[in-house]
Amino acid sequence: MSAETLSGLGAARRAVLAGAISATQPSGTGTGSLSTSAVTPSFGAYVLSRLGFGPKWGSPNYSVQYFYTLGADDDARLTAFVDEQLNPTLDANGDVIDPDVDARLAIPQYQTLNKNFDQLWNDYEVNGALSGQPYIRDYPIREGERAVFVRAIYGRWQLVEQLADFWHNHFNVYGYDRYAAPTWTAWDREVIRRNMLGNFRTMLQKTFESPAMLYFLDNYINRAPSFNENYAREICELHTLGAINYLGPELQQNEVPLIPAGEDGAGWPVGYVDADVYEMARALTGWTFGNGQNGTAYDGHLTFITGWHDIGQKTVLGAFVPANTPPATEIATFLDRIAKHPGTGRHIALKLAQRFIGEDPPQALVDYAAHVFFQNVDAPDQLKQTLRALLLWNDGPGSFRDIASFGNKIKRPFEVVVSALRAVGLNYTFRRNIDDESPSSDRFMDRYRRTGERPFDWRAPNGFSDESGDWMGSTAFVHAWRTIDWTLDEGTGTGQTPLAPVLATTMQWSSDPHMHTPNGLANFWLVYITGWAPAANPTYWIGTDLHAKVRDFMCRNTDTLNMWPADVGIGTGESGNTQGIETNSSPNYWYNRLRGMVNVILFSPQFMVR
Amino acid sequence: MGNITRRAFLKGSTICLSALGGLRLGLNVDTARASWYGQHFIVYLFLRGGMDGLNFVAPISGPDRDPYVQKRPTIYLRTTGDTAALPLSGNFGLHFAATGLHELYQAGKLAIVHGIGFPLDLISRSHFDAQDYCDLGTPGSTRTGSGWLARHLEASGQVPDSAQIPALASGATPPDSLLGRRDTMTLDDPSSFHPNANSGTSVDGQPLYKRSTMITLNQLYQGTGAVELAGTGACETVDLVDSLDLANYTPSPGANYPTSGVGATLANQAKLIANIAKREVGLQVATLDYGGWDTHENQGAGDQGTNNNQYAARVDGLSQVLTALYNDLAGSGIAERMVVCVQSEFGRRVRENDNHGTDHGSGNPMFVLGGSVVGGNLYGTFGGLQDGELFQNEDVATTTDTRRVLSEVVTKHLGNGDLAAVFPDYAYPGPLGVLPGGDSIFGNGFD
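Residues numbered from 1 in each chain as written. Chains lettered and ligands numbered in written order. Predicted model: local features only at pLDDT ≥ 70, side-chain atom pairs only at ≥ 80, totals over all residues. Heavy atoms only, no water.

### What about the overall build of chain B?
Here is the rule we go by: Segments assigned H or I by DSSP are reported as helices when at least four residues long, segments assigned E as strands when at least two residues long, and all are numbered from the N terminus. Type-normalised accessible area, obtained with a 1.4 Å probe on protein chains alone, sets the label of each residue: buried when under 20%, exposed when over 50%, and partly exposed for intermediate values. Here, two residues are considered to be in contact whenever any of their heavy atoms come within 4.5 Å of each other. Calculation of accessible area relied on Shrake-Rupley with a 1.4 Å probe; when residues are assessed, cover is drawn exclusively from the protein chains displayed.
The number of helices and strands found in chain B is ten helices and 16 strands. Within the span of chain B, comprising 447 residues, buried residues form 64% of the whole. For chain B, the share of sequence-separated contacts (at least 6 apart) that also reach a separation of at least 24 residues comes to 72%. In the structure as shown, chain B presents an accessible area of about 14,400 Å², 47% of it carried by carbon and sulfur atoms.

### Regarding the overall build of chain A
What counts is decided by this rule: Computation of the radius of gyration draws on C-alpha atoms alone. For the globule rule, the value is 2.2 Å times the number of residues to the power 0.38.
When you go through chain A residue by residue, the secondary structure sums to 25 helices and four strands. Against the globule reference of 25 Å for 610 residues, chain A gives a C-alpha radius of gyration of 26 Å, in line with a compact fold. Overall, chain A is about 95 × 55 × 40 Å in size when its C-alpha atoms are taken along their principal axes. Total accessible area on chain A stands at roughly 20,400 Å², and carbon and sulfur atoms take up 51% of it.

### Overview of the packing of aromatic side chains
Residue and element names in this part refer to chain A. The cut-off we apply is this: Between 30 and 60 degrees the pair is tilted, below 30 it is stacked and above 60 it is edge-to-face, where a pair is any two Phe, Tyr or Trp rings, Trp via its six-membered ring, whose centres lie within 6.5 Å.
Applying the stated criterion across every chain, the model contains 59 aromatic pairs over all chains. On the numbers, 4.6 Å between centres and 50° between planes, the contact of tryptophan 184 with phenylalanine 456 is tilted. With tryptophan 184 in helix H9 (residues 184-193) and phenylalanine 456 in the loop between helix H19 (441-448) and helix H20 (474-489), this pair connects stretches of sequence that are 272 residues apart. Phenylalanine 456 gets classed as buried once you look at its relative accessible area, which sits at 10%. Ring geometry for phenylalanine 444 and tryptophan 486: centres 6.3 Å apart, planes at 50°, overall tilted.

### Quick notes on the nonpolar core
Stated precisely, the cut-off is as follows: Only buried Ala, Val, Leu, Ile, Met, Phe, Trp, Tyr and Cys residues count toward a nonpolar core, and they belong to the same one when joined by side-chain atoms within 4.5 Å.
Ranked by size, the top nonpolar core spans 260 residues in total, and within it Phe149(A), Trp167(A), Met280(A), Trp525(A), Leu602(A) and Phe56(B) carry the most contacts. If you tally residues by element for this core, the top one is helix H8 (residues 310-331) of chain B, at ten residues. Those residues in contact with Trp525(A) that lie beyond four places of it in its chain are Val502(A), Thr505(A), Thr506(A), Leu594(A), Met597(A), Val598(A) and Ile601(A). Of all hydrophobic cores here, the second largest spans 36 residues; its members include Ile42(B), Leu149(B), Met366(B) and Leu432(B).

### Considerations on the packing of helix H7 (residues 139-154) of chain A against H9(A)
For any two helices packed against each other, one specifies the inter-axial angle together with the distance between the axes. Residue and element names in this part refer to chain A. Using the following cut-off: Where helices are involved, their axes are fitted lines through C-alpha atoms of the stretch in contact, as for all axes, and angles between N-to-C directions lie from 0 to 180°. Orientation is classified from the angle alone, with under 35 degrees giving roughly parallel, over 145 giving roughly antiparallel, 65 to 115 giving roughly perpendicular, and any other angle giving oblique. In this count, Pro and Cys sit with the nonpolar residues alongside Ala, Val, Leu, Ile, Met, Phe, Trp and Tyr, while Asp, Glu, Lys and Arg are called charged and the others, Gly among them, polar.
H9 packs onto H7 with a crossing angle of 50° between their chain directions and a minimal axis gap of 8 Å. Relative to H9, H7 is oriented oblique. Seen from H7, the contacting residues are Pro140, Ile141, Gly144, Val148 and Arg151; seen from H9, they are Trp184, Thr185 and Arg193. Class assignment for the residues of the contact of H7 with H9 results in four nonpolar, two polar and two charged.

### Some remarks on the confidence of the model for chain A
Applied cut-off: Here pLDDT means the predictor's own confidence in every residue, given as a number from 0 to 100.
Scored by pLDDT, chain A comes out at a mean of 92, with 95% of its residues at no less than 70. Counted against residues more than four places away or in other chains, residues 1-29 of chain A, with its pLDDT under 50, gives 57 contacts.

### Remarks on the interface of chain A and chain B
The following threshold applies: The term buried area means the drop in 1.4 Å probe accessible area that two parts suffer when joined, counted for both and summed. Only one rule defines a salt bridge in this text: a Lys or Arg side-chain nitrogen within 4 Å of an Asp or Glu carboxyl oxygen. Here a polar contact is taken to be a pair of N or O atoms separated by no more than 3.5 Å, where protein atoms must pair a possible hydrogen donor with a possible acceptor and residues adjacent in sequence count only if both atoms sit in side chains.
Listed by partner, the interface residues are 71 residues for chain A and 70 residues for chain B. Note on chain A versus chain B: buried area summed over both sides is about 5,900 Å², and carbon and sulfur give 54% of it. Across the contact surface, chain A and chain B share two salt bridges. We note a salt bridge from Asp188(B) to Arg450(A), for which the minimum N-O separation is 3.8 Å. The interface formed by chain A and chain B includes 23 residue pairs in polar contact (both at pLDDT 80 or more). At the level of elements, helix H1 (3-20), helix H12 (230-239), helix H13 (274-283), H20, helix H23 (545-555), helix H24 (590-603) and helix H25 (605-608) of chain A are the ones that each hand at least two residues to the side of chain A that touches chain B. Per-element tally for the side of chain A that touches chain B: the top contributor is H20(A), with nine residues.

### Here's the deal with the pairing of strand S9 (residues 184-187) of chain B
Residue and element names in this part refer to chain B. Here is the rule: Pairs of strands are assigned from DSSP output, requiring at least two bridges between the strands.
With burial as the criterion, each face of S9 is covered, one bearing Thr184 and Thr186 and the other bearing Met185 and Leu187. Here strand S8 (residues 167-170) runs beside S9; their pairing, made up of four bridges, is parallel. Bridge pairing in S9 places alanine 167 opposite threonine 184.

### A look at the sheet that holds strand S5 (residues 86-87) of chain B
Residue and element names in this part refer to chain B. One open sheet holds the three strands; their spatial order is S4-S6-S5, and the pairing between them is antiparallel. Looking along the sheet, the strands with just one partner apiece sit at the ends: strand S4 (57-59) and S5. Judged from the two bridges that link them, S5 and strand S6 (residues 92-94) form a sheet pairing that is antiparallel. If you follow proline 87 over to S6, its bridge partner there is glycine 93.

### Concerning the pattern of salt bridges
Going through the model one piece at a time under the given rule, you end up with 51 salt bridges over all chains. With a closest N to O distance of 2.6 Å, Asp165(A) and Arg412(A) form a salt bridge. One end of the pair, Asp165(A), is in helix H8 (residues 158-170); the other, Arg412(A), is in the loop between helix H17 (382-392) and helix H18 (413-423), with 247 residues separating them in the sequence. Note on Arg412(A): relative accessible area 2%, which makes it buried. Note that Asp401(B) is salt-bridged to Arg403(B), the shortest N-O span being 2.8 Å. For the residue pair Asp401(B) and Arg403(B), the accessibility class agrees, reading buried in each case. What you see here is one network of salt bridges that share partners, running through Asp165(A), Arg355(A), Glu359(A), Lys409(A), Arg412(A), Glu415(A), Glu453(A), Asp466(A) and Arg610(A).

### Some thoughts on the environment of Gly415(B)
All names here are of chain B. Relative to the helices and strands, glycine 415 resides in the loop between helix H9 (402-413) and helix H10 (419-422). Note on glycine 415: relative accessible area 21%, which makes it partly exposed. Sequence spacing of glycine 415 and tyrosine 105 is 310 residues, and the spatial spacing of their C-alpha atoms is 25 Å.

### Details of the layout of surface pockets
Residue and element names in this part refer to chain A. We count it as follows: A pocket here means an open set of points on a 1 Å grid, computed over the protein atoms alone, that has protein on both sides within 12 Å along at least five of seven lines. A cavity is instead a set of points where a 1.4 Å probe fits but cannot get out; residues with an atom within 4 Å of a point line either one. Grid points are joined across faces, edges and corners, and a volume is the space filled by probe spheres set on the points.
Of the voids in this model, the second largest pocket is the one considered here, and its volume is about 890 Å³. Contributing to the lining of the second largest pocket are 44 residues, with Asp95, Val96, Ile97, Arg151 and Arg189 lying nearest its centre. Those elements giving two or more residues to the lining of the second largest pocket turn out to be helix H5 (99-104), H7, H8 and H9. Grouping the amino acids of the lining of the second largest pocket by side-chain chemistry returns 20 nonpolar, ten polar and 14 charged.

### Thoughts on unusual backbone geometry
Residues and elements named next belong to chain A. With omega at -5°, the peptide bond leading from alanine 224 into proline 225 counts as cis. In this structure, proline 225 sits in the loop between helix H11 (211-216) and H12. Look at the link from serine 438 to proline 439: it is a cis peptide, with omega at 0°. Examined against the element boundaries, proline 439 turns out to sit in the loop between H18 and H19. Positive phi, normally seen in glycine, also occurs at aspartate 218, with a value near 70°.

### Things to note about H18(A)
All names here are of chain A. Most of H18 is tucked away: eleven of the eleven residues are buried. Among all positions of H18, only Pro413, Phe414, Glu415, Val416, Val417, Val418, Ser419, Ala420, Leu421, Arg422 and Ala423 are buried. Taken from the residues just after H18, glycine 425 is the one with a positive phi, measuring 75°.

### Focus: the packing of helix H10 (residues 200-209) of chain A against helix H14 (residues 327-339) of chain A
Residues and elements named next belong to chain A. Where we set the bar: By the definition used in this description, the sense in which the near helix is turned from the far one sets the handedness, with an anticlockwise turn below a right angle giving left-handed and a clockwise turn giving right-handed.
Relative orientation of the contacting elements H10 and H14 amounts to 130°, with a least axis distance of 10 Å. Put simply, H10 runs oblique to H14. The two elements H10 and H14 meet at a crossing, and its hand is right-handed. Only Ile331, Ala332, Leu335, Asp336, Ile338 and Ala339 of H14 make contact with H10, whose side of the interface consists of Phe200, Arg201, Leu204, Gln205 and Phe208. Partitioned by chemical class, the residues of the contact of H10 with H14 number eight nonpolar, one polar and two charged.

### Quick notes on the side chain of Ser474(A)
With respect to the secondary-structure elements, Ser474(A) resides in helix H20. Residues within four places of Ser474(A) in sequence aside, it is in contact with Thr186(B), Phe193(B), Gly233(B), Ala234(B) and Thr237(B).

What follows is the structure, encoded as structure tokens:
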């Protein structure tokens, strides 16, 4: 079985799945679109919803308006924008600098984010009391799960945030795990984020060296002779080659065909078998971290226990290492071989394509990106180059820039909520709550967690699914919507400051009640949220099905029977119409209704697909 | 409340894409009853992670006892003391924490099948592949576009138009056993299941814009695209939760669902199944998932009670939930409607590893629970634990195809004889006898 066929099998499964959930392909929407009603947006709006978490009106660096300043045509704009997003401003440590985000995270409720590994270990593991709400030991993960919302909602480096989400899932560690929780900040910053646009072999090494991963996949107690295969299995099946390159339980290593001459990785086995996993597991014996047990220091650093190591000769994926080889050399040899195997490139390229392009990406695109990955296995910017190749490939249909792909992916709950809160201009920094403070980020998370995609809250090593079919259950939809609804309602009482400036934004557009017709309000908010419109000023969305339904919500009174006229301004002062949209009393409760109208735009199929 | 409820009757699947889409106005829920096949339903409870069946149903006497103790020096089930195994039949005992399941076994409501799995050349030690083989019902292939339960519903042709909730995935995401089925209701918890009901102000007893939001959502999600169908399903779930008042449910007395510990979430999900079953809205298939069984290390010493014993705690949680679920239905006199099939994607190796845990294996027991089950018996063949009897010198032998047990439930309990559609490429050799009717085959546990 050739390597091509192997990666084709993985794509084929997804192709079948995609076919299974798309009954018809009506006109006006892209190939394989999941929605029969969502219409294809402008190219800029399309790009922004794929590279990051969607447009934000008025943003100087991630909005549809900004995108259209970047070049004379769409190809030029896309290239310029991709290159900009792939090259975020970095500090001396290689961490991304984003002044708005950094200022928001510089509040007292965030105290873990600037600590290095040793400080985290000391403050939250060694001295991390199991007391308080949450436990002090869990502060890093509790802050991390909220900081990720702040970064994704307010960050200008949106592609970086999509990549962080991708790589956290790829190298998934359960965030509340015993040794992941107190060291979470270092895992997020030093292991994942600093390496996402760098070198894959380096990233793999950093995951291996971390107590979070060593504990999560049991390697911290992996010892000869009865080795524990859990970590070795997942390195092969999830982190590098992937199950698409697994040749099944019957073959032995000497029965695996080799990659033919002239192809990437010529002479190496085409894929892996169980024996490769077992040999890798033997090589990993003795590699633990300093947890103060078995004679190790209590410092969380990578530690080797000689007495636990299997010193025999080993072969992994065709790489042979004789007996008594120094263990560091041994594991380095095997991680080199597996990280640099062309199958790993195909696996990573396929997953990236599924994230950014669609669940059935063109094989030529995946092959090309895999080849770039392979050619750059030692380059310090290997992953940046691979992603750039993927995003800018233009040799056929189904490329990133092919807008026919619009609608072929559903937004996952994190994407639904983040894109919605960006679009409404949320102005609140989620944080670890201290002392029942209000507004309450805890209440936000209580609602959000019911979607099933609470950040870093996935116990299995495979991470959250990237397949649309897994996020179209009623639970995912309803709880994402409920979370958005809560956020829009929060802070709207007398004397409070709303988290989402729905009223203020409306008034900024126009404070004249004659403009506040249901037609006008629906039209304004559709343009504001989506960043584009099917027709030019002043028509915009008027005449579309979506506009009519959103407008009708604004017309519909609380008794769901009487309808306010679509072209009558609200609160113009005439008899029977003295209450403006900022009021909230019987019979119309306009302020609630306005927020409800914004809700239904955010809940619509148009907003749910990308 | 009392609104007209609607159910999209969607027959499409990957196998036969029939044209029906859109919404069909059903009857008011109070008068629509789905009367089919005695309201029988299956609950497919999947233990994710590779549950160690050898310590759940263990040899406590006979020729396998010594090899069992030798190969599991720390974690073997004891026969004396506080953590003594609970005797089943013949040479086998049940894990000490499964007291509720033990009572159900003795009452003849629980059957256990030894050594289930898939054909030897298709065994996989990968969690994800093995789970796919089970959920899709096609060992050897992870590319099948439909799950076995979805194919069953399709092939049975017995989902009446009036059925409001024929398929229920009780959890946050539907499992792949229902892949392809478009009318699955996915529901984790009926409380607060609405996108816009918390504005604090009510008019005529309704939270502001709760109804209006649902009207608009129903308008927005019309059509046959996958997203529209999903949105329709979401709207219907909201409507049904409301009209059936699902959040307001009291289990039968004696149904003690755990409210804390590792079983608490599963308990809520199981309770929802009982809740919906009692509403008689056409339930035929329900799924549950219970993870955390991947006990590679510190599985729990055999003389260690449920405190600080992760495996025992999970067994305890599972047993409490299943017992509560059974008692909940029995208390309403409808336990005969339900058959629960409990399985994992594989068992674990016979020999414990150096970390007092176990690694991925294959052959494993399956539990079949229900009011009409021929319980109190061990079925199938236990392959034995002597060195020569282990599969690949590591695992309990697989001696019964998983599909054989499921096929018996599909044919006898669910009334669907079209097994070729449910399990393609599987030659059903006939029932083991876990359900009444036909010949039964008892295992050597009965010796």
